[in-house]
Amino acid sequence: SRAFPEQDVYTTPVYFSSDWLNEYWDAVAVDDYRFVYMGPKGSWTPFHADVFRSYSWSANVCGRKRWLLYPAGQEEFLKDCHGNLPFDVTAPELRDERIYPRYGRSQPPLEIIQESGEVVFVPSGWHHQVHNLEDTVSINHNWVNGCNVALMWSFLQDELAAVQREIGRWKDPADDRHLQCQLIMKSCTGIDYKEFYHFLQVVAENRISILEKGLDEESSARNRSRAAISALGMLHAVFDLKRTGKVLSSLSANEDFRRLELASLSPSPEALLHRLEAAVDTALL
């Protein structure tokens, strides 16, 4: 859809249309988290959870897939004695207690056979492994919205803490250590704290604009993301702003975020939060 925007190749199902992740990456015009996967019979993806602990949906255009899904938290029982997750959860060595001491405490995976024309929704943090039972083509999106943005923020805090622990083992303390940690985190996860702020800013400003100005037909034709937001309704925009505000407040108070050079942020986190709260208050009058 990015390469041929004039062609409506497919429409995102309404259940997945509140999609902050692709709304943001469309706004910065760098990339997106929409994919077409094509794999022959017998190909498969190793055990993983999706980027930023986002939701994902996967629609089979043709072919069949076998999904093995573990609810969030179950992956802790699948780690080896060094804390590493397995590449293949069907491998027989997982039953070796010397290598995987807690495997016996894990629940069996949820197994799904996905047929052609069916869509699978993967909740945040659910690790999974997918096998193509036939030659298969599927459309997939990763997405975040007001229901799981707090999980994305928790994930980023955990990722930064892991980088800080690792750097603490190998590098002498330095004045720019906090910047190096942000750089490494972004190289590993695809985002750092400043970009996360810009992510929240784009989401908030789009919804504030809808509440303050509405959306006419001309702007709807120009801006697909704002049109989608408007279609969800005013109360949904208010809900999104409230969820954004909670995470923005937590980010603004975060010690690692406050150590960054925040003078370059426009508007400031405090100003954005104030405008966000004012827009919600006005909409609910």
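Note that the coordinates shown come from a computational prediction; the quantities given were computed from them, not determined experimentally.

(A) Main features of the overall build of the protein. A tally of helices and strands in the protein yields 9 helices and 8 strands. Radius of gyration (C-alpha) of the protein: 21 Å, near the 19 Å computed for a compact globule of 285 residues. Overall, the protein is about 60 × 55 × 35 Å in size when its C-alpha atoms are taken along their principal axes. Taken across its 285 residues, the protein has 43% of its residues classed as buried. On the protein, roughly 15400 Å² of surface is accessible, and the fraction owed to carbon and sulfur atoms is 53%.

(B) A look at the environment of L232. Counting through the fold element by element, L232 comes out in helix α6 (residues 224-232). Considering only alpha carbons, one finds L232 and S138, 94 residues apart in sequence, at a separation of 26 Å. Residues in contact with L232, not counting those within four places in the same chain, are S17 and S18.

(C) Spotlight on the sheet that holds strand β7 (residues 127-132). Strands sit in the order β2-β7-β4-β5 across an open sheet of 4 strands; the sheet is antiparallel. The open sheet has two free edges, formed respectively by β2 (44-48) and β5 (110-114), since each of these has just one partner strand. Averaged over all neighbouring strand pairs, the angle between strand axes comes to 15°, with direction disregarded. With 5 bridges connecting them, strand β4 (residues 65-70) and β5 associate as antiparallel partners. Across the sheet, the residue bridging to R66 is I113, located in β5.

Parameters and conventions
- Residues numbered from 1 in each chain as written.
- Predicted model: local features only at pLDDT ≥ 70, side-chain atom pairs only at ≥ 80, totals over all residues.
- Heavy atoms only, no water.
- Helix = DSSP H or I, 4+ residues; strand = E, 2+ residues; numbered from the N terminus.
- Rg over C-alpha atoms; globule rule 2.2 N^0.38 Å.
- Buried < 20%, exposed > 50% of the residue type's maximum accessible area, 1.4 Å probe, protein only.
- Areas by Shrake-Rupley, 256 points an atom, 1.4 Å probe, with all protein chains shown as cover.
- Contact = heavy atoms within 4.5 Å.
- Pairing = 2+ DSSP bridges.
- Axes fitted to C-alpha atoms, helices over the stretch in contact; angles between N-to-C directions.

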